[in-house]
Amino acid sequence: MRILLSNDDGYFAPGIERLAAALSPHADIVVVAPERDRSGASNSLTLDRPLTVRTAPNGFRFINGTPTDCVHLAVTGLLDTLPDMVISGINLGPNMGDDTIYSGTVAAATEGYLLGIPSIAISLASKTAAHFETAAAVALELLDRHRRRALGGWLLNVNVPDVPRGELKGYRITRLGRRHKAEDVIKTTSPRGETVYWVGAAGAAADAGEGTDFHAVEQRFVSITPLQIDLTNRDQMTPVGAWLRD
């Protein structure tokens, strides 16, 4: 098997290094990742300038673009053969609920999915990063499952509790929860006297009941959420049609 690894934390991030180390004895691994942290880049493609591809001493390739750029270039031009799977991560921090809209980690996997490749985004659901090895073990287990029974043309968002592997309670198939609205921007002054703004922190979980990704991770289960790209709100098609006719 050939697996394309990417992320949004940058090619130097410990998460992607741990992921590559865990998977390389079991598959042919190719890493194409951003040259710097591109967290929050979502599904953006760079269209206003050319992109460059360089190779780090460890063999990882890195691109001066977004996570989506990395997977797109790898699949449509850099690689001689298509990968059997795209895995994005291991992200430092959760990608649950509304986070998935902004996440570069999810975006890299989404690009693989849009290009017809089974894709997984995997995140360690904390900021302390105490147990990257647990998320790497989960990735290897999912790879083994794919080897035994091929993953469909799916896009999976995986969040792993930051606990030792032996403390995980198992897997749960979940839906996305919801967050409260983000906190207000933080207004401050730069050393040059300019007014600058920092984007506020994400809101706390609002919809975090049983069945959600938030609830599963809180209960020490690995959360696996199948995602789709169709944003059509079918429940509102009839009301909007009636609104237009009035």
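One can find the structure itself at the top, above this paragraph.
Residues numbered from 1 in each chain as written. Predicted model: local features only at pLDDT ≥ 70, side-chain atom pairs only at ≥ 80, totals over all residues. Heavy atoms only, no water.

Student: Before we move on, could you go through unusual backbone geometry and cite the residues and values that matter?
Tutor: Residues apart from glycine generally show negative phi values, whereas peptide bonds are mostly found in trans. In this structure, I90 follows G89 across a cis peptide bond, with omega equal to -5°. Summarising the element assignment, I90 is placed in strand β5 (residues 85–92). One non-glycine residue, S42, lies in the positive phi region at around 55°. Within the secondary structure, S42 is located in the loop between β2 (28–34) and β3 (53–55). Even without being glycine, R220 reaches a positive phi, approximately 70°. Note on placement: R220 falls in the loop between α6 (213–218) and β13 (222–226). The class for R220 is partly exposed, based on a relative accessible area of 35%. (Helix = DSSP H or I, 4+ residues; strand = E, 2+ residues; numbered from the N terminus. Buried < 20%, exposed > 50% of the residue type's maximum accessible area, 1.4 Å probe, protein only.)

Student: Any details on the sheet that holds β5? Residues and values, ideally.
Tutor: A sheet is described by the order of its strands in space; here nine strands give the open sequence β3-β4-β2-β1-β5-β6-β7-β13-β8, paired in mixed fashion. At either margin of the open sheet sits one strand with a lone partner, and together these are β3 and β8 (171–173). Neighbour to neighbour, the strand axes of the sheet diverge by 25° on average, direction disregarded. Pairing geometry for strand β7 (residues 155–160) and β13, over four bridges, is antiparallel. Within β13, the residue paired with V158 across the bridge is I224. Sitting on the sheet, helix α4 (residues 104–114) touches β1 (2–6), β5, β6 (119–124) and β7, and the angle it makes with β6 is about 170°. (Pairing = 2+ DSSP bridges. Axes fitted to C-alpha atoms, helices over the stretch in contact; angles between N-to-C directions. Contact = heavy atoms within 4.5 Å.)

Student: Pulling in residues and values, what's your account of the side chain of H131?
Tutor: Following the sequence through the fold, H131 ends up in the loop between β6 and α5 (132–148). Within the structure, H131 has its side chain in polar contact with the side chain of E133 (distance 2.8 Å). Ignoring any residue separated from it by four or fewer positions in sequence, one finds H131 in contact with L124, D162, V163 and P164. (Polar contact = N/O pair within 3.5 Å; in protein donor to acceptor, adjacent residues only side chain to side chain.)

Student: Describe the packing of helix α1 (residues 14–23) against α5, and please don't skip the residues or the numbers.
Tutor: What describes two packed helices is the angle between their axes and the distance between those same axes. Running from amino to carboxyl end, α1 crosses α5 at an angle of 45°, the nearest separation of the two axes being 9 Å. As far as their axial angle goes, α5 and α1 are oblique. In the crossing of α1 with α5, the sense of the turn from one axis to the other is right-handed. Counted together, P14, G15, R18, L19, A22 and L23 of α1 and F132, E133, A136, A139, L140 and L143 of α5 form the full contact between these two elements. Taken together, the residues of the contact of α1 with α5 break down into nine nonpolar, one polar and two charged. (Parallel < 35°, antiparallel > 145°, perpendicular 65-115°, else oblique. Left-handed = near helix turned anticlockwise from the far one by under 90°. Nonpolar A, V, L, I, M, F, W, Y, C, P; charged D, E, K, R; others polar.)

Student: Just give me the short version of the packing of helix α2 (residues 67–78) against α4, but keep the residues and values in it.
Tutor: Where α2 meets α4, the closest approach of the two axes is 8 Å, and the angle between their N-to-C directions is 25°. Comparing the axis directions of α2 and α4 gives the class roughly parallel. For the element pair α2 and α4, the recorded crossing hand is right-handed. Here P67, T68, V71 and H72 of α2 come into contact with α4, specifically with G104, A107, A108, E111 and G112. Looking at the contact of α2 with α4 residue by residue, the classes come out as four nonpolar, four polar and one charged.

Student: Give a description of the packing of aromatic side chains that names residues and reports values.
Tutor: Inspection of the entire model under this criterion finds two aromatic pairs. Considering the side-chain rings of Y11 and F12, the 5.5 Å spacing of their centres and the 75° angle between planes classify their relative orientation as edge-to-face. By way of ring pairs, the aromatic residues Y11, F12 and F62 are connected into one cluster. Between the NZ or CZ atom of R145 and the centre of the ring of Y171, over which it lies, the distance is 5.7 Å. (Phe/Tyr/Trp six-rings, centres within 6.5 Å; stacked < 30°, edge-to-face > 60°. Lys NZ or Arg CZ within 6 Å of the ring centre and 35° of its normal.)

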